[in-house]
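# Chains, contacts and geometry: an overview
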Amino acid sequence: MNVIACDLHHLDAAADLFNQYRMFYQEADDLPASHAFLKANLETGNSRIYLLLDDEGQAIAFAQLYPATCSLAMKRFYWLYDLFVVPHARRGGHARYLMQQLIGIFQAEGAQRLSLDTARSNLAAQALYESLGYEAEQDFVTYHKLLDH
């Protein structure tokens, strides 16, 4: 297995995984929009995308992280927003491997932390994250205000 930073050369593979990820969350199949979205993110540096390649060089998982800054720590951190493993590769340790590599990459860069959200019902993901040393937030409550367009 090999984790690579996605660039425009890997965009087709990343867009395919991102489209599958969106469909997993009941969004419409839209490969062209997925491609355009990731292309814009890569070109602007809005996000960082990583691919996990299997031993044959096929992309079987991806992660998309968004940079942010912790004002109190005065350091960069990353918000893991998207993580997906193709169905045939699930339960093979691929998500764990990808997460471990991300921790190493961002730790080496001096990032203050990696943060993420997961559904309360996603007990498998919670078990993975906790086994990697993630701690559930206890001090803050998250609010969202959806803006009408």
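All of these numbers come straight from a predicted model, not from anything done at the bench.

### Description of the layout of surface pockets
- Estimated volume of the largest pocket: approximately 1,400 Å³.
- Considering the residues around the largest pocket, the lining is formed by 30 residues, among which L116, D117, E135, A136 and E137 are closest to the centre.
- Those elements that provide at least two residues to the lining of the largest pocket are α3 (94-108), β5 (114-116) and α4 (123-131).
- Across the lining of the largest pocket, the residue classes break down as 15 nonpolar, nine polar and six charged.
- Every residue lining the second largest pocket is counted, 28 residues in all, and those nearest its centre are Y25, L83, N122, A125 and Y129.
- Here the lining of the second largest pocket takes seven residues from strand β4 (residues 75-85), the largest share from any one element.
- Considering only residue class, the lining of the second largest pocket consists of 17 nonpolar, six polar and five charged.

### Topic: the packing of helix α1 (residues 11-24) against helix α2 (residues 31-44)
- With their axes 8 Å apart at the nearest point, α1 and α2 run at an angle of 120 degrees to one another. It follows from the interaxial angle that α1 and α2 lie oblique. Here α1 runs over α2; the crossing is right-handed. Across from L11, D12, A14, A15, D16, F18, N19 and R22 in α1, the residues of α2 making contact are L31, S34, H35, F37, L38, K39 and L42.
- Looking at side-chain class alone, the contact of α1 with α2 contains eight nonpolar, three polar and four charged residues.

### Let's talk about the UniProt feature "domain: N-acetyltransferase" (unreviewed entry) in the chain
- Mapped onto this numbering, the UniProt entry annotates "domain: N-acetyltransferase" (unreviewed entry) at residues 8-149.
- Segment residues 8-149 splits into 37% helix and 23% strand. End C-alpha atoms: 30 Å apart.

### Digging into α3
- With 15 residues, α3 extends 21 Å between its outermost C-alpha atoms, agreeing within 8% with the 21 Å of an ideal straight helix rising 1.5 Å per residue.
- Within α3 the residues assigned to the buried category are H94, L98, M99, L102 and F106. The buried residues of α3 occupy one face: seen down the axis, they fall within an arc of 125 degrees. Projecting away from the buried face of α3 at angles above 90 degrees are the exposed residues Q107 and A108.
- In this structure, the buried residues of α3 make contact with β1 (2-5), β2 (48-53), β3 (59-70), β4, β5 and α4.
- Once α3 finishes, G110 follows within two positions and takes phi at roughly 85 degrees, a positive value.

### What to know about the nonpolar core
- Formed by 41 residues in total, the largest nonpolar core has its most connected members in L51, L65, M99 and L102.
- In this structure L65 touches S47, R48, Y50, Y78, W79, L80, L102, F106 and L114, once residues within four positions along its chain are discounted.

### Description of the sheet that holds β3
- Within the open sheet, the five strands sit side by side as β1-β2-β3-β4-β5. Their pairing is mixed. Single-partner strands in this sheet number two, and they are β1 and β5. This sheet shows a mean twist of 30 degrees between the axes of neighbouring strands, independent of strand direction.
- As judged from the 10 bridges shared by β3 and β4, these two strands associate in the antiparallel manner.

### Some words on the packing of aromatic side chains
- The tally for this structure, following the rule as stated, stands at 12 aromatic pairs.
- With centroids separated by 6.3 Å and ring planes inclined at 75 degrees, the aromatic side chains of Y21 and F84 adopt a geometry described as edge-to-face. With Y21 in helix α1 and F84 in strand β4, this pair connects stretches of sequence that are 63 residues apart. Comparing Y21 with F84 shows no difference in burial state: the two are buried.

Calculation rules
Residues numbered from 1 in each chain as written. Predicted model: local features only at pLDDT ≥ 70, side-chain atom pairs only at ≥ 80, totals over all residues. Heavy atoms only, no water. 1 Å grid on protein atoms, 1.4 Å probe; cavity = no way out; pocket = protein on both sides within 12 Å on 5 of 7 lines; lining within 4 Å. Points joined across faces, edges and corners; volume = space filled by probe spheres on them. Helix = DSSP H or I, 4+ residues; strand = E, 2+ residues; numbered from the N terminus. Nonpolar A, V, L, I, M, F, W, Y, C, P; charged D, E, K, R; others polar. Axes fitted to C-alpha atoms, helices over the stretch in contact; angles between N-to-C directions. Parallel < 35°, antiparallel > 145°, perpendicular 65-115°, else oblique. Left-handed = near helix turned anticlockwise from the far one by under 90°. Contact = heavy atoms within 4.5 Å. UniProt positions renumbered as here; feature names shortened; annotations may be inferred. Expected span 1.5 Å × (residues − 1). Buried < 20%, exposed > 50% of the residue type's maximum accessible area, 1.4 Å probe, protein only. Arc of directions from axis to C-beta. Core = buried A, V, L, I, M, F, W, Y, C linked by side-chain atoms within 4.5 Å. Pairing = 2+ DSSP bridges. Phe/Tyr/Trp six-rings, centres within 6.5 Å; stacked < 30°, edge-to-face > 60°.

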